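Residue strings, one per chain:
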Amino acid sequence: VQLQASGGGLVQAGGSLRLSCAASGLRFRGYSVGWFRQASGKEREFVAAIKSYGSSTYYADSVKGRFVMSRDNAENTVYLQMNSLKPEDTAVYYCAADPSLITSSLWNPDAYVYWGRGTQVTVSS
């Protein structure tokens, strides 16, 4: 199983980026998928998640209303559309997947079994 996050980059505050997470070796449809981020010197934190077999999405309060997570089953890819970016959104962003998470565990990075390499997002002020 491999997850590959991409789409990061340098953007000015107020700008947008779309991250992608492509999977090989699993079908995202049957997995809950989460986005996490880790800023320099800080712990990894939950950003957003989508439940398996559905379209229910969940967001951290810090990104609610600005970020939108979606899943394309045909492309076996998960996206994170990030709008109105702020300097505090600067971090390495990771995608993770697990086949059996309950809703209350979506925020917990330790609950995910598969992780991809991160992609750097830098927001300048």
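Positions within a chain are numbered from 1, following the residues in the order the chain's sequence is written. With the structure being a predicted model, the display of local features is reserved for residues of pLDDT at least 70 and the display and counting of side-chain atom pairs for 80 or more, all residues being used for whole-chain, interface and lining totals. Each side-chain value is worked out from all heavy atoms of the structure, with water and hydrogens disregarded.

## Topic: the overall build of the protein
For step 1, the next point in the chain: Counting its secondary structure elements, the protein contains zero helices and 11 strands.
For step 2, the next point in the chain: Scanning the protein from its N terminus toward the C terminus, one meets helices and strands in the order β-β-β-β-β-β-β-β-β-β-β.
For step 3, the next point in the chain: Over its C-alpha atoms, taken along the principal directions, the protein stretches across nearly 40 × 25 × 25 Å.
For step 4, the next point in the chain: Burial classes: relative accessible area under 20% of the type maximum marks a residue as buried, over 50% as exposed, and values in between as partly exposed (1.4 Å probe, protein chains only). A buried classification covers 44% of the 125 residues belonging to the protein.
For step 5, the next point in the chain: Note on contacts: a residue pair is in contact if any heavy atoms of the two residues lie within 4.5 Å. Counted over contacts in the protein with a minimum sequence separation of 6, partners at least 24 positions apart contribute 57%.
For step 6, the next point in the chain: Treating the 12 positive side-chain charges of the protein as one cloud and the 9 negative ones as another, the clouds have centres 4 Å apart. Helix and strand assignments come from DSSP, with helices taken as H or I runs of at least 4 residues and strands as E runs of at least 2, each series counted from the N terminus. A positive count includes Lys and Arg, and a negative count includes Asp and Glu. His and the chain ends are not counted in either. One atom stands in for each charge, and that atom is NZ of Lys, CZ of Arg, CG of Asp or CD of Glu.

## Re the nonpolar core
For step 1, the next point in the chain: Among the nonpolar cores identified, the biggest contains 37 residues, and Phe28, Trp35, Met69, Leu80, Met82 and Tyr93 are the most heavily contacted of them.
For step 2, the next point in the chain: Looking at this core, the elements with two or more residues in it are β1 (2-6), β3 (17-24), β4 (32-38), β5 (45-50), β7 (67-72), β8 (77-82), β9 (91-98) and β11 (119-124). Buried Ala, Val, Leu, Ile, Met, Phe, Trp, Tyr and Cys residues that are joined via side-chain atoms within 4.5 Å together make up what is termed a nonpolar core.

## Observations concerning the pairing of β3
For step 1, the next point in the chain: The criterion for strand pairing is that DSSP finds at least two bridges linking the strands in question. Two strands pair when backbone bridges link them, and β1 and β3 are joined in this way by five bridges, in the antiparallel orientation. Each residue of the ladder has a partner; that of Gln2, found in β3, is Ser24.
For step 2, the next point in the chain: Where β3 lies against β8, six bridges are found, and the strand directions are antiparallel. The residue bridging Arg18 from the neighbouring strand is Gln81, located in β8.

## Brief notes about the sheet that holds β3
For step 1, the next point in the chain: Strand order in the open sheet formed by four strands is β1-β3-β8-β7, with antiparallel pairing between adjacent strands. At either margin of the open sheet sits one strand with a lone partner, and together these are β1 and β7. When strand polarity is set aside, the average angle formed by the axes of neighbouring strands in this sheet is 15°. For helices, the fitted axis covers only the stretch in contact; all axes are lines through C-alpha atoms, and the angles between them, taken along N-to-C directions, range from 0 to 180 degrees.

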